[in-house]
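# Commentary on secondary and tertiary structure
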Amino acid sequence: MTQASARLIVLRHAKSAWPEGVPDHERPLAGRGRRDAPAAGRWLYEAQCVPDLVICSTARRTRQTWDLVVAELGAAPEVVFEPRVYEASASALVSVVRDVPERRRTVLLIGHQPGVQDMVLSLAGDGDDEALTRARVKYPTAAVAVLMLSGTWARLAPGTATLTDFAVPRGVHVRRSNDA
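This report concerns the structure included in the present document. In this text, all values refer to a predicted model and were calculated from it rather than measured experimentally.

Moving on, we come to the overall build of the protein chain. In terms of helices and strands, the protein chain carries 5 helices and 7 strands. Element order for the protein chain, N to C, with α for helix and β for strand: β-α-β-α-β-α-β-α-β-α-β-β. Since a compact globule built from 180 residues should have a radius of gyration of about 16 Å, the 15 Å found for the protein chain is in line with a globular shape. The dimensions of the protein chain, computed from C-alpha atoms along their principal axes, are 50 × 35 × 30 Å. Here the protein chain holds 180 residues, and the buried ones make up 51% of them. Put simply, of all contacts in the protein chain between residues at least 6 apart along the chain, 78% involve residues at least 24 apart. Summing over all exposed atoms, the protein chain offers an accessible surface of approximately 8,400 Å²; the carbon and sulfur share of this is 51%. Placing the 23 positive and 20 negative side-chain charges of the protein chain at their respective mean positions leaves the two points 3 Å apart.

So this is what it looks like as structure tokens:
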């Protein structure tokens, strides 16, 4: 593959719960999150966006999102649980991604708001107008942005990628009495 074919996929973690007394870093997924994360994994598989490297925040909700996504991919890519992704700004996230080895062609970053949305909008200098508009208006839980890079990981900067897709996969919402 050429350098221009590198893809960055940015996934906001699935819907989390807010249990009383639980520190933010340890908040688990809510029932809806446990349904939506596998749907995001199926979307990635069907869109042929299976990563060869995953960079995931160390927060419990992002790790749980990844566990449910990977079960749908039909592959087991290398995963790095990166503390710098938790509560990171857009510029901090770009710094993390700049460290990706050039041999990696499809990278999935699983992180948090507002950093993931700000990073996607900053990197997407152009692209599908509908996708950009949707990403600007709202970047909901379990949303997936796909960016094509115009250069190397090390030279990633504002305006150096094209947003090619923005999706919000949702799972089947069957209400059960024990659902959160």
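Still more ground to cover, so stick around.
Position of His-13 among the secondary structure elements: in the loop between β1 (7–12) and α1 (31–46). Owing to a relative accessible area of 6%, His-13 belongs among the buried residues under this scheme. In contact with His-13, not counting residues within four places along its chain, are Arg-61, Thr-62, Thr-65, Ile-110, Gly-111, His-112, Thr-141 and Ala-142.

What follows concerns the packing of aromatic side chains. Taken as a whole, this structure holds 1 aromatic pair when the rule is applied. Both rings, one in Tyr-139 and one in Phe-166, keep their centres 5.1 Å apart while their planes meet at 70°; by these two values the pair is edge-to-face. Within this pair, whereas Tyr-139 is found in the loop between α5 (129–137) and β6 (144–149), its partner Phe-166 is found in strand β7 (residues 161–167), the two being separated by 27 residues in sequence. Among the residues examined, Tyr-139 registers a relative accessible area of 2% and is labelled buried. You can call Phe-166 buried: its relative accessible area is 3%.

Moving on: helix α2 (residues 60–70). Those residues of α2 that sit buried are Arg-61, Thr-62, Thr-65, Trp-66 and Val-69. When α2 is viewed along its axis, its buried side chains cluster within an angular range of 140° and face the same direction. Those residues of α2 hidden inside the fold are in contact with β1, α1, β2 (53–56), β3 (78–81) and β4 (106–111).

Turning to the nonpolar core, a few remarks are in order. Core analysis: the biggest nonpolar cluster contains 33 residues, and Leu-8, Val-10, Met-119, Leu-147 and Leu-163 have the highest contact counts within it. With 5 residues, helix α3 (residues 90–98) is the single largest residue contributor to this core. Not counting residues within four places of it along the chain, the set of residues in contact with Val-10 comprises Leu-109, Val-116, Met-119, Val-120, Tyr-139, Ala-143, Val-144, Ala-145 and Leu-147. Formed by 20 residues, the second largest nonpolar core is a distinct cluster that contains Leu-11, Leu-73, Ile-110 and Ala-142.

Evaluated as defined, the whole model comprises 8 salt bridges. We note a salt bridge from Glu-82 to Arg-84, for which the minimum N-O separation is 3.0 Å. Classification of Glu-82 as buried rests on a relative accessible area of 15%. Classification of Arg-84 as partly exposed rests on a relative accessible area of 41%. Look at the salt bridges and you will find they share partners, linking Asp-24, Arg-27 and Arg-61 into a network.

Looking only at α5, the buried set comprises Ala-131, Leu-132 and Ala-135. Buried residues of α5, seen end-on, are gathered within an arc of 100° and therefore sit on one face of the element. In α5, the exposed residues that point more than 90 degrees away from the buried face are Asp-129, Glu-130 and Val-137.

Quick look at the pairing of β6 now. The element β6 is largely enclosed, with a buried count of 5 among its 6 residues. Note: β1 against β6, 5 bridges, orientation antiparallel. Within β6, the position partnered with Arg-7 by the bridge is Met-148. One ladder, built from 6 bridges, connects β6 with β7; its direction is antiparallel. Each residue of the ladder has a partner; that of Val-146, found in β7, is Asp-165.

Cut-off values and rules
- Residues numbered from 1 in each chain as written.
- Predicted model: local features only at pLDDT ≥ 70, side-chain atom pairs only at ≥ 80, totals over all residues.
- Heavy atoms only, no water.
- Helix = DSSP H or I, 4+ residues; strand = E, 2+ residues; numbered from the N terminus.
- Rg over C-alpha atoms; globule rule 2.2 N^0.38 Å.
- Buried < 20%, exposed > 50% of the residue type's maximum accessible area, 1.4 Å probe, protein only.
- Contact = heavy atoms within 4.5 Å.
- Areas by Shrake-Rupley, 256 points an atom, 1.4 Å probe, with all protein chains shown as cover.
- Lys, Arg positive; Asp, Glu negative; His and termini not counted.
- Charge placed at Lys NZ, Arg CZ, Asp CG, Glu CD.
- Phe/Tyr/Trp six-rings, centres within 6.5 Å; stacked < 30°, edge-to-face > 60°.
- Arc of directions from axis to C-beta.
- Core = buried A, V, L, I, M, F, W, Y, C linked by side-chain atoms within 4.5 Å.
- Salt bridge = Lys/Arg side-chain N within 4 Å of Asp/Glu carboxyl O.
- Pairing = 2+ DSSP bridges.

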